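Architecture at a glance
Residue strings, one per chain:
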There are 2 protein chains.
Amino acid sequence: MRSSAEPKGHLYEQVAERMSRLIDKGTIKAGEKVPSVRTLSIQLGVSISTVLQSYLLLEDRGMIEARPQSGFYVRLRARELPPEPMMSAPSRAASTVDIADLSLEVHDAIMDPTIVPFGAATPSDELLPTRKLYRILGSVARRHEVLSNRYDSPQGNLELRRQIAKRSIDWGGSLVPEDVVTTVGCSEALNLCLRAVTKPGDTVAVESPVYFGFLQILEALGLRALEVPTHPREGICLDDLASAIRKHRVSAVFLSANFQNPLGACMPEKNKKETVEMLSEKGIPLLEDDVYGDLYFEGARPKALKAYDRTGTVLLCSSFSKTISPGFRVGWTVPGKYLTQVRRLKLASSISTATLLQMAIAEMLGSGGYDHYLRRIRKAYALQMQMMIQAVRRYFPEGTRVTRPKGGTVLWVEFPQKIEAIELYRAALAKRISIIPGPLFSPKRQYRNCIRLNCGQSWTERIEEAMITLGQLALRML
Amino acid sequence: MRSSAEPKGHLYEQVAERMSRLIDKGTIKAGEKVPSVRTLSIQLGVSISTVLQSYLLLEDRGMIEARPQSGFYVRLRARELPPEPMMSAPSRAASTVDIADLSLEVHDAIMDPTIVPFGAATPSDELLPTRKLYRILGSVARRHEVLSNRYDSPQGNLELRRQIAKRSIDWGGSLVPEDVVTTVGCSEALNLCLRAVTKPGDTVAVESPVYFGFLQILEALGLRALEVPTHPREGICLDDLASAIRKHRVSAVFLSANFQNPLGACMPEKNKKETVEMLSEKGIPLLEDDVYGDLYFEGARPKALKAYDRTGTVLLCSSFSKTISPGFRVGWTVPGKYLTQVRRLKLASSISTATLLQMAIAEMLGSGGYDHYLRRIRKAYALQMQMMIQAVRRYFPEGTRVTRPKGGTVLWVEFPQKIEAIELYRAALAKRISIIPGPLFSPKRQYRNCIRLNCGQSWTERIEEAMITLGQLALRML
C-alpha cells in the first residue's frame, strides 16, 4: 500500500487514516457507500481482514456505519460508541467471600460445547496451536519415552523453566531457571503463593471487579477480600490502594496489571513502578497474575509488575492456558523471596506437574514458532474484540457501557441499573448462551447489572446472532 | 505340571511344595545341590521365573540357600529370615509436623536417574505400560483434537469417572460416575479431602510410621498429627485407635488399609469393617489412601475401607501413579458426603485435571488390557520384593528386622538401635544410592534406626550391588 503521509501504526490504522481523509475532504460524502471490503482489499493490495479492521475502526469513531446486507456508509451524524464504565466504587470494608456455589453452577454450564461460549475466558479452538502442539507431544513421547513418564522434579521441568526464564526478557525480567516453579495452571500458582504469604482470616486487597477464580481461591483458603476502586483503562487507583493499606491490615495485594480480567485495564508503567515501590516499602507481598500479558493488541509488550521488583516481594503467576493449551493445565510462578515456601507447598500439593506436558510446552516455546503464532492470535483477538464492541453498540440497550481493552480476550459490559445480570445469565443459558454475571466478580456480589463477555471466539453468524439474542433479552428486562 | 497332592495356591507354591517334600523325605539330602533353575523349569514344564520364585520361597523358609555362582543347596541347619518389626510404639501426644526441609532434600535426590532408586516408591520404568499408554494418547489426540485441548469439567472427565466407577466392584464398591472427582494425583485428592473436613490447628490420627507425603500435607495445611501404634502385618491397632479418639479431639483419621506405605501392612477385613463402623458412629471422617490396593501378591484384591462405608464418611483417594504413569499426575477421590465441598475446592485449587491425560487413562482402563497388565506386574513386584528381603537377610547386619508385605512396592527395615538412618541416608547418597530415612515417616522424627526401601526396580546386579553396599555402610555404623 502507498500513502502520501508517513506510515504510522498498524496497516489497518493506515488504511483507516486514508479512508478517513477521503471522507473528511468530501471525496466520499455523508450517506454515500464506501468501497466494499473486497474492492478496497484488491485496490490497496491488503488483506480482507485488514480492510475490515480499518472499517471497524472508522465505525468505532462514528464516521461510517454498517447497513445489513449492503455494506458500509458514511454516517450522517456521528453516533458514538457506548461510553466506557466509570472508575469502580466498591464497598470499603473487607469481607469474607461466598461465591463458590454460583461459581460451580456457572462453570458446569460453560463447559458445554453446544452452548455459545461467552462465559469461560478461553481461546477459540481454531486459534489454539493444537495440531502443532500434539505433533511436538508425539515427538517428545517417542524421544523420551522413559523419562517423560516419570515424576518430574517438584520445582518443575528444567528445560521448561529455562524457556520461561528466557522469555522473561519480554516483560522486563531477567530470570534464571532456579527462580521459576512450574504449576498446575495459574490456579495452582496463585494457591501456592497465597498460602506462602497469608494465613486463614487474613485480608487480601484486590482490584474491583476482580477475576472470580481468584475470589474462589480466597474463599477456599478462608481469606478476606478488600476491594479497591479500579479504573477500566488504567487499573487500580493508587490513592485508594495507598489508603486501603493504611487503614487495613492487608497481608497481600493481588493485581493483574496487564489486561485485567474482567475490565481489560492495563496499568500505565508509571503506576506499576509506584505500586511495586509502595508495597515493597511496606513489606506487603504483591501477587501478580499476568496470564494475558502476551495478548496485547498494539505497541510493545507491557511490562510485568515483577519487572519493577527490587526486593523479591512480587510473586508473579502465569500460565499457557490462554495461548497454548487450556487443557494441559501447565502454569508457573516466580515467587521471589518466597521461593522456598512455594517449593515446599508445591511438593505437598501435587508433588510435581505432569512431565510429558511440561516437556512438550518447553519444546513448543523453544522451537521458535511460538512468537509467530502469538503475532497471529493478537491480531485475531483484536479484531474479535472490535466486532464484539460494535455488536454491543448495535444490539444492546441504550445506556449500556462497555470497556475498550487493548489486550486480552474479555469485555466488561455495564447495563442500565434495571437489568439484573443473574437473571440475564439464566435467561441466556435457556437460549444456550453462556455469560458470566457481574456479582461473581465481587465478594459482596456487587456489579449486579454487569456481565463479562468472552471475545475469544472467531466472529461468525452464530456469535452475532447470540449477541442479538442477548441484546433482546436485556431489552426485555427494562 | 503334575502333583499327587491337590494343587493349591500359585504355581510357584506348588513347585515349592513338591521340592519341599523331596527334601523332607531325604530324596535330596542336606548339603546337596537342588536341580538348577533351568533344569527344573524344563523338567516341570514351567517358566524359569516360577522355579526361581519357588526356590526363593524355600530359601525364605530356610530350607535351601543360594551359593554365589553355583546354585541352590539344601541347608544344613535352617537359618531364619530376619524377624519382622514389632507393633510400633509412637509418642501418644498430638504434634505439629516439621519435615518439609528434609523431605525436599530427599525428593531432589530421588529424582536423579543416575542414582539407584531405593527412595521414591515408583515402579520400574520397564514395568510401566508406557508404550501402550503413549499409543493410546496419540490416538486420543488425533480423534479428539479439539476437545482434548479444552478445559475438562472441574469434577473430571466423564469417561474416566465412569471407568473408575466400573472398577469399584473390584474393591467392594458400587460407585456411579457422579461419586468421583478426578485430581492431580493422589496428592491433590488428599489435600482437597483434608481441607474439606478439617481446619488449621485440627488433629488428624495416622498410622505410625506413616507415608511422609501425607505428613508434608499436614504440615503445609497447619494440621497436627496423632500417631497410633500400627502392626507391620495387620495395620493400625484398633484398641489404640479407639483410645486415641476417646482421649483426643480428632477431626479426621488417615488410613491406608491395603499395603500401607511404609509398612506394607494389610488390615484384616474384620478390622476394616470395625474401624469404619467405629469412626462412622463418632462422625469422624476417614481419609483412605488406596494407591497400592491393586498391587496384591496373592489371593483376591483386598477391599477398600470405603466398601464398608454406610454413612458417606469415608473419603477414598487413589491414583494411577503406581500402575500406569507417575508422570501423568492423574488421581481421583470418592469423597462421600463431602462431595460438594471437594468439588468446590477442586475448582479453586486447579480448575480441572489435564484433559488429554484423563482421556488417555480412561481409554487404557476401558480397552481391557489393564487387568492383564496388572496380573503381570503383581507377579513381578512379588518376586522383586522376595529378592530384596533375601538381600536384607544376606547383606544387612545381624539384628536387622524387615517387613513381609503381601503387596505394594516398599519394604520397611529396622536396623539395630545404633544405626542412624539419616547418617546412612547421607552415606548411601554419596555412593549414589537413595533410600528414605525413617524419621521422615513420623511427625516426631522417630524411627531413627529405620529406612524404607523401594522394591519397584527389577532385580539386577546393579540392585544387588547396591544392597551389598548398603549393608556394608550399615555394618560400619555398628
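Residues numbered from 1 in each chain as written. Chains lettered and ligands numbered in written order. Predicted model: local features only at pLDDT ≥ 70, side-chain atom pairs only at ≥ 80, totals over all residues.

**Some words on the overall build of chain A**
Summing up its helical and strand segments, chain A has 15 helices and 16 strands in all. In terms of overall size, chain A behaves like a compact globule, its C-alpha atoms giving a radius of gyration of 23 Å where 478 residues would be expected to give roughly 23 Å. Of the contacts made within chain A by residues no fewer than 6 positions apart, 74% connect residues no fewer than 24 positions apart. (Helix = DSSP H or I, 4+ residues; strand = E, 2+ residues; numbered from the N terminus. Rg over C-alpha atoms; globule rule 2.2 N^0.38 Å. Contact = placed C-beta atoms within 7 Å.)

**Side note on the interface of chain B and chain A**
Across the contact, 54 residues belong to chain B and 54 residues belong to chain A. The set of elements that each furnish at least two residues to the side of chain B that touches chain A consists of helix H4 (100–110), helix H5 (130–143), helix H7 (185–197), helix H8 (212–220), helix H11 (339–350) and helix H12 (355–366) of chain B. Here the side of chain B that touches chain A gets seven residues from one element, more than from any other, and that element is H11(B). Grouping the amino acids of the side of chain B that touches chain A by side-chain chemistry returns 24 nonpolar, 19 polar and 11 charged. (Nonpolar A, V, L, I, M, F, W, Y, C, P; charged D, E, K, R; others polar.)

**Considering the pairing of strand S11 (residues 331–334) of chain A**
Every regular strand shows the same layout, with side chains that alternate between the two sheet faces. All names here are of chain A. Taking every second residue as pointing to the same face, both faces of S11 are buried, with Gly331 and Thr333 on one and Trp332 and Val334 on the other. The sheet contact formed by strand S4 (residues 181–183) and S11 spans three bridges and is antiparallel. If you follow valine 181 over to S11, its bridge partner there is threonine 333. Judged from the four bridges that link them, strand S10 (residues 314–319) and S11 form a sheet pairing that is antiparallel. (Buried ≥ 20, exposed ≤ 12 C-beta atoms within 10 Å, placed from the backbone. Pairing = 2+ DSSP bridges.)

**Quick look at the domain arrangement of chain A**
Each domain of chain A was delimited in the assignment, giving domain 1 (11–74), domain 2 (129–369) and domain 3 (372–476). Inter-centroid distance (C-alpha atoms) of domain 1 of chain A to domain 2 of chain A is 41 Å. (Domains from an automatic or database assignment.)

**Quick notes on helix H8 (residues 212–220) of chain A**
All names here are of chain A. For H8, the buried fraction is high: nine of the nine residues fall into the buried class. Buried residues of H8: Phe212, Gly213, Phe214, Leu215, Gln216, Ile217, Leu218, Glu219 and Ala220, and no others. Positive phi appears at glycine 222, one or two residues downstream of H8, with a value of about 70°.

**Regarding the relation of the copies chain B and chain A**
With an axial shift of 0.0 Å and an RMSD of 0.1 Å, the rotation relating chain B to chain A amounts to 180°. Expressed as a symmetry operation, the mapping of one chain copy onto the other fits a two-fold axis. Judged by C-alpha distance, B:Gly138 is the residue of chain B that lies nearest the rotation axis, at 3.3 Å. In this assembly, 100% of the residues forming the interface of chain B have copies in chain A that are likewise at the interface, indicating an isologous arrangement. (Least-squares fit on C-alpha atoms with pLDDT ≥ 70 in both.)

**Examining unusual backbone geometry**
With an omega of -5°, the peptide bond between A:Ser208 and A:Pro209 qualifies as cis. Its place among the elements puts A:Pro209 in the loop between strand S5 (203–208) and H8. The step from B:Asn261 to B:Pro262 runs through a cis peptide bond, and the omega angle for that step is 20°. Along the polypeptide, B:Pro262 turns up in the loop between strand S8 (250–255) and helix H10 (269–282). One non-glycine residue with positive phi stands out, namely A:Arg432, at about 65°. Owing to 13 C-beta atoms within 10 Å, A:Arg432 belongs among the partly exposed residues under this scheme.

**Comments concerning the confidence of the model for chain A**
All names here are of chain A. Mean pLDDT over chain A: 92, with 97% of residues reaching 70 or higher. Contacts from residues 1–7, a stretch scored under 50 in pLDDT, to residues over four places away or in other chains number eight contacts. Scoring of the predicted complex yields 0.86 for pTM and 0.85 for ipTM. (pLDDT = per-residue confidence, 0-100.)

**A word on the sheet that holds strand S4 (residues 181–183) of chain B**
Residues and elements named next belong to chain B. An order of S4-S11-S10-S9-S8-S5-S6-S7 is seen for the eight strands of this open sheet, with the pairing classed as mixed. Each edge of the open sheet carries a strand with a single partner, namely S4 and strand S7 (235–236). Lying over the sheet, helix H9 (residues 238–247) contacts strand S5 (203–208), strand S6 (224–231), S7 and S8, oriented at roughly 155° with respect to S6. (Axes fitted to C-alpha atoms, helices over the stretch in contact; angles between N-to-C directions.)

**Some thoughts on the nonpolar core**
If you look at the biggest cluster of nonpolar residues, it comprises 298 residues, and the most contacted ones within it are A:Cys193, A:Ile361, B:Cys193 and B:Ile361. Discounting residues that sit within four places of it in the chain, A:Cys193 has contacts with A:Leu287, A:Leu315, A:Cys317, A:Thr333, A:Pro335, A:Tyr338 and A:Val342. (Core = buried A, V, L, I, M, F, W, Y, C linked by C-beta atoms within 7 Å.)

**Examining the sheet that holds strand S15 (residues 436–437) of chain B**
Residues and elements named next belong to chain B. Spatially, the four strands line up as an open sheet ordered S12-S13-S16-S15, and their pairing is antiparallel. At either margin of the open sheet sits one strand with a lone partner, and together these are strand S12 (401–402) and S15. Here S12 runs beside strand S13 (residues 410–414); their pairing, made up of two bridges, is antiparallel. Residue pairing in the sheet places arginine 401 in a bridge with glutamate 414 of S13.

**Describing H7(B)**
For H7(B), which comprises 13 residues, the first-to-last C-alpha distance of 19 Å matches the rise-based estimate of 18 Å (1.5 Å per residue) to within 8%. Along H7(B), 13 of the 13 residues are buried, which leaves the element largely enclosed by surrounding structure. (Expected span 1.5 Å × (residues − 1).)

**Comments concerning the pairing of strand S2 (residues 71–74) of chain A**
Here four bridges tie strand S1 (residues 64–67) of chain A to S2(A), and the two strands are oriented antiparallel to one another. Looking at S2(A), one finds that A:Ile64 is bridged to A:Val74.

**A short note on the environment of A:Gly62**
All names here are of chain A. Positionally, glycine 62 belongs in the loop between helix H3 (48–60) and S1. The class for glycine 62 is partly exposed, based on 14 C-beta atoms found within 10 Å. Residues glycine 62 and leucine 356, spaced 294 residues apart in sequence, show a C-alpha to C-alpha distance of 51 Å.

**A short note on the environment of A:Glu465**
All names here are of chain A. Here glutamate 465 lies in helix H15 (residues 461–476). In this structure glutamate 465 comes out as partly exposed when scored by C-beta crowding, with 14 C-beta atoms within 10 Å. Along the chain, glutamate 465 and glycine 185 lie 280 residues apart, while their C-alpha atoms are 33 Å from each other.

**Overview of the environment of B:Glu227**
Of note, B:Glu227 is situated in strand S6. As a C-alpha pair, B:Glu227 and B:Pro68 span 159 residues in sequence and 43 Å in three-dimensional space.

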